[in-house]
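Architecture at a glance
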Amino acid sequence: MTAPITRFILFRATPAVALAVLVGPAGAHKDPVTPQLLNSYQQVFMEQVRKGDLLFHGDAATEQAMDVVLSKTGMACAMCHPMTADTHPATFPKYQAQMAKFATLRDMINWCIEKPNQGEKIADDSEAMKALEAYIYWSQSGSVLNPGKF
Amino acid sequence: MSELERDRREIAAVLQQPGVHPDPSLRITRRTFVHRSCVVGAATVAETFAWWPLLNTLDIAYAAEAPFKFAWISDTHLYPKSLNTRFVEKTVRAAKEVQAMSPPADFLIFGGDLAQLGKVEELELGVEILKEINIRKVYIPGEHDWYLDMGKKWGELFGQPHWTFDHKGVRFVGLDTVSRGPDYWTARKMSPEERMGHMATLDGTVAGAWAGVGRDQLDWLQKTLANWDRNRPVVIFSHNPLYEYYPPWNFWVRDWREVNEVLKPYTKVTNIHGHTHQVLYNEIGTMRSIGMLATSWPWPYAPEGVPKLTKPMIRVDPGDHFDGVGWAKIDVSAQDKVEAEYIMWRKQVFAQSPDDYAKSIPEVLRPRIADNIWPY
Ligand SMILES: [Fe+2]
Ligand SMILES: [Fe+2]
């Protein structure tokens, strides 16, 4: 019970960098971020957004490269959801009437792939799913989080 | 302030001045739309503004010498049959229903986007399906019909993309709002297919502000209307709406200011348009504007700019491909009354509560980026 208090005192008395050495197991803490590092994280993200954007807009080359068949009707996600309109990612998870179950955004993405698009369902943890999710969240990043909202 | 916001304020300042409305003798009838039948009630203009204005029933004074009706179909977006049979089924259904109208419609206006990617095969499939309809047919182009071969096949099939005729006391005008897009393809050395691909992406960022009437066509319109009594009705068909709703999706014409200048002297102008694939109603100066349903699929309402006078359509069930789509019947009665009736293939057209309206959940959207990154 006394350890947290000790740490608290150390925190009050010690510069933050030294604290990183004093508390917690070695290696559990990040190096201080640099602008270059942040930039590289952002680039990783934006590359996913770019791929997701292409998948969302039915780009055949990207689908082929990622080995997915998101549609067999010529329909692409963006045909009903230009600029991701009406995807409402910020309302998930929620009860989704079409599936009659409590659903995540990933469930909904797969429902759209299988039903209106008549394509092939993708794995929840697949690269294509992550890219689609990245694009949808990026595009809607100004929308307000409102989980459960119909 | 964003450019969009500036434009929007401008349109309000210029065109929505207090006291300026379409023909004040307008009476709007309240209807609940049910497939093939409707319940009729009456409301005065004042009541209507207090309530939701209604889309379907419009009076045009001095309109009809004899009652008549015409039908509208648009935005069938046909792919080759082998790829997509759903769009074909729905076009066939609309054609059959128009042909079955009794008494028959005087003519059919096809409001553009017959094809999805402008292919000969797609346009010819459309012609084939519309053969079911034996009445007079007139056509205006949509962007999906045009940008593979720059309107060559469309012109061979349907002739001039703009035209006018008088019918029972109404001057009808068809406008081409799609063919004057800025050249985004030559400098980028695009193939016709690539050019079409960008044009066929509603939220694309490459084709830009392609919707417009153009100076030459405006001059033609002015000449066409010059000998027409300013108090007699004019009905203008266009693929895009003739006002500014949401430029990023070309839910507008970029030269709406000039269009308004030409139409200003005429007191009874009704614009009927496609492209937006949704229930829309707006009044701009003395012009009223009615958006028609697609047969193919519904577009969502844009994240901003939905006209306040629009009673929104109900949220669509994406599991039912006959939902949120359909065609329209327009009546001109002996009492000089013009009615537009949405024939939507489900029970309810309009939102019944705020939760039925998709935009009851606000969203802030970013335009796409992947089409603007090299090598695009
Ligand atoms: Fe369309
Ligand atoms: Fe269109």
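Note that the coordinates shown come from a computational prediction; the quantities given were computed from them, not determined experimentally. (Residues numbered from 1 in each chain as written. Chains lettered and ligands numbered in written order. Predicted model: local features only at pLDDT ≥ 70, side-chain atom pairs only at ≥ 80, totals over all residues. Heavy atoms only, no water.)

Thoughts on the overall build of chain A
Each helix and strand counted, chain A has 7 helices and 2 strands in total. The order of helices and strands in chain A, counted from the N terminus, is α-α-α-α-α-β-β-α-α. Looking at chain A as a whole, 42% of its 150 residues qualify as buried. For chain A, the share of sequence-separated contacts (at least 6 apart) that also reach a separation of at least 24 residues comes to 56%. Total accessible area on chain A is roughly 8,700 Å²; 62% of this is exposed by carbon and sulfur atoms. (Helix = DSSP H or I, 4+ residues; strand = E, 2+ residues; numbered from the N terminus. Buried < 20%, exposed > 50% of the residue type's maximum accessible area, 1.4 Å probe, protein only. Contact = heavy atoms within 4.5 Å. Areas by Shrake-Rupley, 256 points an atom, 1.4 Å probe, with all protein chains shown as cover.)

Looking at the UniProt feature "domain: Calcineurin-like phosphoesterase" (unreviewed entry) in chain B
The UniProt entry lists residues 68–278 of chain B under the feature "domain: Calcineurin-like phosphoesterase" (unreviewed entry), expressed in the numbering used here. Its end C-alpha atoms 25 Å apart, residues 68–278 of chain B is made of 31% helix and 16% strand. (UniProt positions renumbered as here; feature names shortened; annotations may be inferred.)

Digging into unusual backbone geometry
Each neighbour pair has its own omega, and for Phe92 of chain A with Pro93 of chain A the value is -5 degrees, a cis peptide bond. Among the secondary structure elements, Pro93 of chain A is positioned in the loop between α5 (77–80) and β1 (94–96). Even without glycine at this site, Asp75 of chain B takes up a positive phi of about 55 degrees. As for its position among the elements, Asp75 of chain B is in the loop between β4 (68–73) and α3 (85–99).

What about the sheet that holds strand β11 (residues 280–284) of chain B?
Strand pairing in a sheet relies on backbone hydrogen bonds. The paired strands run either parallel or antiparallel. Residues and elements named next belong to chain B. Pairing within the open sheet is mixed, and its 6 strands lie in the order β7-β8-β9-β10-β12-β11. Here the strands that pair on one side only, and so sit at the sheet edges, are β7 (163–167) and β11. For this sheet, the mean inter-axis angle between neighbouring strands, taken without regard to orientation, is 20 degrees. Judged from the 5 bridges that link them, strand β9 (residues 234–238) and strand β10 (residues 269–273) form a sheet pairing that is parallel. Within β10, the residue paired with Val235 across the bridge is Thr270. Those strands touched by helix α8 (residues 215–226) are β7, β8 (170–174) and β9, and its axis lies near 165 degrees from that of β8. (Pairing = 2+ DSSP bridges. Axes fitted to C-alpha atoms, helices over the stretch in contact; angles between N-to-C directions.)

Some remarks on the coordination of the iron ion (ligand 2)
All names here are of chain B. Donor atoms from the polypeptide that bind the iron ion (ligand 2) are Asp113 (OD), Glu143 (OE), Glu143 (OE), His239 (NE2) and His275 (ND1), placed at 2.2 to 2.5 Å. When the donors of the iron ion (ligand 2) are listed by position in the chain, the intervening gaps give D-x29-E-x95-H-x35-H. Between the iron ion (ligand 2) and the iron ion (ligand 1) the interatomic distance comes to 3.4 Å, and Asp113 is a ligand of both metals. Of the two residues, Glu143 sits in helix α5 (residues 143–146) while His239 sits in the loop between β9 and α9 (256–263), which places them 96 residues apart along the sequence. The exposure classification of Glu143 matches that of His239, with both residues buried. (Donors = N, O, S within 2.8 Å, 3.2 Å for Na, K, Ca; no water.)

Some remarks on the coordination of the iron ion (ligand 1)
A four-donor tetrahedral metal ideally has 109.5 degree angles, and a six-donor octahedral metal ideally has angles of 90 or 180 degrees. Coordination of the iron ion (ligand 1) by the protein involves Asp75 of chain B (OD), His77 of chain B (NE2), Asp113 of chain B (OD) and His277 of chain B (NE2), with metal-donor separations of 2.0 to 2.2 Å. Judged by its relative accessible area of 0%, His277 of chain B is buried.

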